[in-house]
Amino acid sequence: EEDEMDPEERMRMEALCRAFEDLCHELRFHQKDWCLRNPSYRYKGPAPLHMADRLEALARDVHTFAEEDADLARQMARDVRADHLAAQVETARLKEVEARVEEAERRRRAEVDARREIERREERETQ
């Protein structure tokens, strides 16, 4: 099938393959497990959404040459979006926890201040 391809189509397919490889390489920096196993890759957090857009565009372009590769790119785009959403949910959860901790600390400080004020009044009254 590849042998029947005209040179222009072949060049286009090769360019798409290179673009896919480059994108996969970029994604490695956003895969925590990969970065832990390969110290030369510094984890950069969840992949940005524009990478999912690029994967989807690549899937559309490569579809005519390789349906399986297009499916893989679409699945990778879904994974990027899911990871991004999970990171947003975790960030929101952590902010909520931090807010609760700050509120508990504020209340504790207010209680300590109130106790000190009561002790001061009692001292003044006994003097």
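Procedures and definitions
- Residues numbered from 1 in each chain as written.
- Predicted model: local features only at pLDDT ≥ 70, side-chain atom pairs only at ≥ 80, totals over all residues.
- Heavy atoms only, no water.
- Helix = DSSP H or I, 4+ residues; strand = E, 2+ residues; numbered from the N terminus.
- Expected span 1.5 Å × (residues − 1).
- Buried < 20%, exposed > 50% of the residue type's maximum accessible area, 1.4 Å probe, protein only.
- Salt bridge = Lys/Arg side-chain N within 4 Å of Asp/Glu carboxyl O.

Enquirer: Is there a simple way to explain helix H4 (residues 67-126) in this structure?
Expert: Working note: α-helix, 3.6 residues per turn, so residues spaced by three or four point in the same direction. The first and last C-alpha atoms of H4 sit 88 Å apart over 60 residues, in line with the 88 Å expected at 1.5 Å per residue. What H4 keeps buried is the set Ala 70, Ala 73, Met 76, Ala 77 and Val 80.

Enquirer: Please clarify how the pattern of salt bridges should be interpreted in this entry.
Expert: Oppositely charged side chains can pair when the atoms bearing their charge come close. Throughout the structure, instances matching the rule amount to 13 salt bridges. We note a salt bridge from Arg 115 to Glu 111, for which the minimum N-O separation is 3.8 Å. Placement of the pair is Arg 115 and Glu 111 together in helix H4, with a separation of four residues, close to one helical turn. Since its relative accessible area comes to 46%, Glu 111 is described here as partly exposed. Among the charged side chains, a network of salt bridges with common partners joins Glu 117, Arg 120, Arg 121 and Arg 124.

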